[in-house]
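Notes for the structure review
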Amino acid sequence: MAATRAFYEDVIGLPLVRPGANPTGCSAGSALMCTRFFGLADGSALAFFQFADAPDAEEFSPPIPETLFHHIALKVDKLLQQAIEQRIAAAGYGEPQTFVLDHGYRRSLYIRDPNGLLPEFTLDLPGAELIAHERQTDARATLERWLAGDHASNNCYRGNTI
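The notes below deal with the structure included here. Only a predicted model underlies this, so the values are computations on that prediction, with no experimental measurement involved.

For the structure on display, the rule yields seven aromatic pairs. Judged by centre distance (5.1 Å) and plane angle (35°), the ring pair of Tyr8 and Phe48 falls under tilted. You can see Tyr8 sitting in helix H1 (residues 2–12) and its partner Phe48 sitting in strand E3 (residues 45–51), a full 40 residues away along the chain. Each ring, one from Phe37 and one from Phe49, has its centre 6.3 Å from the other, and the planes form 85°; the classification is edge-to-face. Remark: Phe49 occurs in strand E3 and Phe37 occurs in strand E2 (residues 32–39); sequence separation between them is twelve residues. A network of ring pairs unites the aromatic residues Phe7, Tyr8, Phe38, Phe48 and Tyr93 as a single cluster.

Below is the structure:
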């Protein structure tokens, strides 16, 4: 939990807003846990839990898949994305813990946290709102097409100037 606090508060810059230590009320006994909530700009938070006893941790903490495809994406502006990149570099994070992808309409900074999670800090590029509107307009048709077996890409933006 100390490494999680240092990563999200000191490196990423999310304030620790609601720490707590309490029983869960989720099991036959009363599993003791420590909660940590790191505040996001819109008032929501990322939550982390640590259990006092190993059996409770095993029961309530599923394994975290170490893959790019299971992650949370958080929208940031250009200055914040640059500040996060500077702080993670200063803290000694580098490849393979961090990487950047240009999706053509957004620039995404990924970093592996001390828990094995992969938060993405995403910056919309110029034109992203129009693209989002286009994708929302055909969202169901795209999903239906995909489920029917047509796996053609609908990202014609990668490598283009928007």
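A separate point is the side chain of Gln81. Looking at where Gln81 falls in the secondary structure, it is placed in helix H3 (residues 78–90). Note on Gln81: relative accessible area 2%, which makes it buried. Within the structure, the side chain of Gln81 is placed 2.8 Å from the side chain of Arg107, a separation counted as a polar contact. For Gln81, the side chain forms a polar contact with the main-chain oxygen of Phe121, separated by 2.8 Å. Contacts of Gln81, omitting those with residues within four sequence positions, involve Val76, Arg107, Ser108, Leu109, Phe121, Thr122 and Leu123.

Here the focus is the sheet that holds strand E5 (residues 98–102). Reading across from one edge, E4-E7-E6-E5 is the order of the four strands in this open sheet, with mixed pairing throughout. In this open sheet, the two edge strands, each paired with only one partner strand, are strand E4 (72–75) and E5. Direction aside, neighbouring strands of the sheet carry axes that sit 25° apart on average. Direction of pairing for E4 relative to strand E7 (residues 119–124): parallel, over a ladder of four bridges. Bridged to Ala73 within E7 is Glu120. Sheet contacts for H3: E5, strand E6 (106–111) and E7; angle to E6, the most-contacted strand, approximately 30°.

Turning our attention to H3. Here H3 is 13 residues long and its end C-alpha atoms lie 18 Å apart, about the 18 Å a rise of 1.5 Å per residue gives. Of the surrounding elements, those touching the buried residues of H3 are H1, E5, E6 and E7. Here H3 starts with a cap whose side-chain oxygen sits 3.3 Å from the backbone nitrogen of Leu79, and that cap is Asp77. One or two residues past the end of H3 sits Gly92, with phi positive at roughly 90°.

For the pair H1 and H3, the least separation of the axes is 9 Å and the interaxial angle reads 125°. By the angle between their directions, the pair H1 and H3 is classed as oblique. Where H1 abuts H3, its residues Asp10, Val11 and Ile12 lie against Ile84, Arg87 and Ile88. Its residues assigned to classes, the contact of H1 with H3 shows four nonpolar, no polar and two charged.

Definitions and cut-offs
- Residues numbered from 1 in each chain as written.
- Predicted model: local features only at pLDDT ≥ 70, side-chain atom pairs only at ≥ 80, totals over all residues.
- Heavy atoms only, no water.
- Phe/Tyr/Trp six-rings, centres within 6.5 Å; stacked < 30°, edge-to-face > 60°.
- Helix = DSSP H or I, 4+ residues; strand = E, 2+ residues; numbered from the N terminus.
- Buried < 20%, exposed > 50% of the residue type's maximum accessible area, 1.4 Å probe, protein only.
- Polar contact = N/O pair within 3.5 Å; in protein donor to acceptor, adjacent residues only side chain to side chain.
- Contact = heavy atoms within 4.5 Å.
- Pairing = 2+ DSSP bridges.
- Axes fitted to C-alpha atoms, helices over the stretch in contact; angles between N-to-C directions.
- Expected span 1.5 Å × (residues − 1).
- Parallel < 35°, antiparallel > 145°, perpendicular 65-115°, else oblique.
- Nonpolar A, V, L, I, M, F, W, Y, C, P; charged D, E, K, R; others polar.

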